[in-house]
Amino acid sequence: MTSELTITESGPAAGRPVLVLHGGGGPATVAPIAEHLATTAHTLLPTHPGWNGTPRPDRFISVADLAAAYLRLLRERHLSDVLVVGSSLGGWIGAELAAADTEGRISGVALLNSVGIEVDGEPIRDFFALDARGVAEYAFHDSERFYVDPATFPAERLAVIQANMAALRVFSGGPAMNDPSLRTRLAAVTVPALVLWGESDRIATPAYGEEYAASFGNARFAVVAEAGHLPHLEQPAQTFALLDAFATETGRG
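Every value quoted in this text rests on a predicted model; they were computed, and no experiment measured them.

Cut-offs applied
- Every chain begins its residue count from 1, and numbering advances along the sequence as written.
- Predicted model: local features are reported for residues with pLDDT of at least 70 only, side-chain atom pairs are reported and counted for 80 or more only, and whole-chain, interface and lining totals are derived from all residues.
- The basis for every side-chain value is the complete set of non-hydrogen atoms in the structure, without hydrogens or water.
- Counting from the N terminus, the helices are the DSSP runs of H or I reaching at least four residues and the strands are the DSSP runs of E reaching at least two.
- Based on C-alpha atoms, the radius of gyration is set beside the globule rule, defined as 2.2 Å times the residue count to the power 0.38.
- Exposed residues in this analysis have more than 50% of their type's maximum accessible area, buried residues have under 20%, and partly exposed residues fall in between, with area computed by a 1.4 Å probe over protein chains only.
- The method behind every accessible area is Shrake-Rupley, applied with a 1.4 Å probe, and residues are considered shielded solely by the protein chains displayed.
- Counting rule applied: Lys, Arg positive; Asp, Glu negative; His and chain ends not counted.
- Each charge is placed at NZ for Lys, CZ for Arg, CG for Asp and CD for Glu.
- Contact definition: two residues touch when any of their heavy atoms are within 4.5 Å.
- Two strands form a pair only when DSSP identifies at least two bridges running between them.
- Between the rings of Phe, Tyr and Trp (Trp by its six-membered ring), a pair exists once the centres lie within 6.5 Å; its type follows the angle of the planes, with under 30 degrees stacked, over 60 edge-to-face, and the other angles tilted.
- The rule for a charge over a ring is simple: NZ of Lys or CZ of Arg within 6 Å of the ring centre, and within 35 degrees of the ring normal.
- Geometry is summarised by axes, namely lines fitted to C-alpha atoms with helices restricted to the contacting stretch, and by angles between N-to-C directions that run from 0 to 180 degrees.
- Counted as salt bridges are all cases of a side-chain nitrogen of Lys or Arg within 4 Å of a carboxyl oxygen of Asp or Glu.

J.: Lay out the overall build of the protein chain with the relevant residues and their values.
T.: Secondary structure summary: the protein chain contains 10 helices and 7 strands in total. For 253 residues, the compact-globule estimate of 2.2 N^0.38 gives 18 Å, and the protein chain sits close to it at 17 Å. Per-residue burial over the protein chain gives 51% buried out of 253 residues. Of the accessible surface of the protein chain, which amounts to about 10,700 Å², a share of 54% is contributed by carbon and sulfur atoms. Charge centroids of the protein chain, computed over 17 positive and 29 negative side chains, lie 5 Å from each other.

J.: Quick rundown of unusual backbone geometry? Include the residues and the values.
T.: With a phi angle near 45°, asparagine 113 is a residue other than glycine that sits in the positive phi range. By secondary structure assignment, the location of asparagine 113 is in the loop between β5 (106–112) and α4 (132–139). On the basis of relative accessibility, which here comes to 0%, the residue asparagine 113 falls in the buried class. Within the chain, glutamate 226 stands out as a residue other than glycine whose phi angle is a positive 55°. Its location among the elements puts glutamate 226 in the loop between β7 (219–224) and α9 (231–234). Judged by relative accessible area, which is 46%, glutamate 226 ranks as partly exposed.

J.: Describe in detail the side chain of serine 215, supporting the description with residues and values.
T.: Tracing the sequence through the fold places serine 215 in helix α8 (residues 206–215). Looking at serine 215, the relative accessible area reads 7%, which means it is buried. Contacts of serine 215, omitting those with residues within four sequence positions, involve Ile117, Arg183, Leu186 and Ala187.

J.: Can you break down the pairing of strand β6 (residues 193–198) residue by residue, with the values?
T.: By the criterion of burial, β6 is predominantly enclosed, with 6 of the 6 residues buried. Residues Ala193, Val195 and Trp197 point to one face of β6 and Leu194, Leu196 and Gly198 to the other, with burial holding for every one of them. Of the pairings in the sheet, the one linking β5 to β6 comprises 4 bridges and is parallel in character. Residue pairing for β6: leucine 112 is matched across the bridge by leucine 196.

J.: Describe in detail the packing of aromatic side chains, supporting the description with residues and values.
T.: Centre-to-centre distance and the angle between the planes together describe a pair of aromatic rings. In this structure the tally under the stated criterion is 7 aromatic pairs. Summarising the aromatic geometry, the rings of phenylalanine 127 and phenylalanine 128 are spaced 6.5 Å apart at their centres and angled 80° between planes, so their arrangement reads as edge-to-face. The residues phenylalanine 127 and phenylalanine 128 share a single accessibility class, namely buried. Judged by centre distance (5.9 Å) and plane angle (75°), the ring pair of tyrosine 208 and tyrosine 212 falls under edge-to-face. Taken together, the residues span about one helical turn, with tyrosine 208 and tyrosine 212 both in helix α8 at a distance of 4 residues. According to the relative accessible area criterion, tyrosine 208 is buried, its value standing at 1%. Joined through ring pairs, the aromatic side chains of Trp197, Tyr208, Tyr212, Phe216 and Phe221 make up one cluster. Between arginine 133 and the ring centre of tyrosine 147, over which it is positioned, the NZ or CZ distance is 3.8 Å. Geometry around phenylalanine 128 places arginine 169 over its ring, the cationic atom sitting 4.1 Å from the centre.

J.: Tell me about the sheet that holds strand β4 (residues 82–87), and please be specific about residues and values.
T.: The 7 strands are arranged β1-β3-β2-β4-β5-β6-β7 in an open sheet whose pairing can be described as mixed. Since the sheet does not close on itself, it has two edges, and those belong to β1 (6–10) and β7, each with one partner. Here the strands of the sheet are splayed against their neighbours by 20° on average, with no regard to which way each runs. Relative to strand β3 (residues 42–47), β1 is paired through 5 bridges, and the arrangement is antiparallel.

J.: Residue-level account of the pattern of salt bridges, with values.
T.: Taken as a whole and judged by the stated rule, the model has 9 salt bridges. For arginine 75, the salt bridge goes to glutamate 103, with nearest N and O atoms at 2.8 Å. With arginine 75 in helix α2 (residues 63–76) and glutamate 103 in the loop between α3 (89–100) and β5, the pair connects residues that are 28 residues apart, well separated along the chain. Under the relative-accessibility criterion, arginine 75 is labelled partly exposed at 35%. Classification of glutamate 103 by relative accessible area gives partly exposed; the value is 41%. Salt-bridge contacts for aspartate 179 lead to arginine 185; the nearest nitrogen and oxygen are separated by 3.1 Å. Through salt bridges with shared partners, a single ionic network connects Arg75, Glu103 and Arg105.

Written out as C-alpha cells, the structure reads:
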C-alpha cells in the first residue's frame, strides 16, 4: 500500500511530476535536486522505508520491492510524463522503475552515479567496509570539504546513520550492490535515460557508469568534472544544467 510511504512534495501542483530518489545517505542528500526542480516541476521526494526512522514493513526487502511501491504510487495518483531522478541506490531504484513501467508513465530517467548493475572488472567499492574518512576519500572529489568527524555527532544522529546503513544493507543485498539480471532488462527500456557521473567517483567509477549507460536502449552518458559520487552536492551548477536540459528534452507537455 502506498499509504505506507513517506513523501515530501514541493513545487506547482500542475507542474511535470518528478520523482526524486535518494541513496544510502537519506533524503537530505538529494533535497537540493528536489528544491531546484521544484521551481517548475511538482517534485515527490520519498524517504525509503527504513530510513530516518520510518518503518520498514517486512515485505520491503529488495530494490524491486521499492520500485513496485513507487510504480503503484504513480498509478494511484494517475501520474504520467514522470521524470525519475535517482542518486546511487536511488538510481538503481529508478532503473528498476524504468524496466518495470509497462504503462508508459515514465518519460525520462536520470541516474546520478547509480549502482545496481554488474560490470566485469569494475566492482562497486565495499561501502560498508569504509569508515567516515574512507567514505570522504572515495566518494568525493574534495574529501576535506565533506569529511565530518563522527565523534562530533550527537548520539541521536549516530543512531539514525546506523539505522540508515542497516536499511541500505537490506535493500542492496550487501557490498556487491547489484542485481545480475538488471542489465538484460535495461536493454528493453526505450524511454530516454541520462546517466550522469562525477569523474572522481571511486565508489562506482566512471567506467562503470559508461557501462550503465550502454545497458539502456536509449541513454546518454555525461561526466561532471571535479565531482565524485554526489555531483549535485559538489558541482550543483554543472549538475543542474544537465538535469534541466534533460527535463526539457524529455517532457511531453
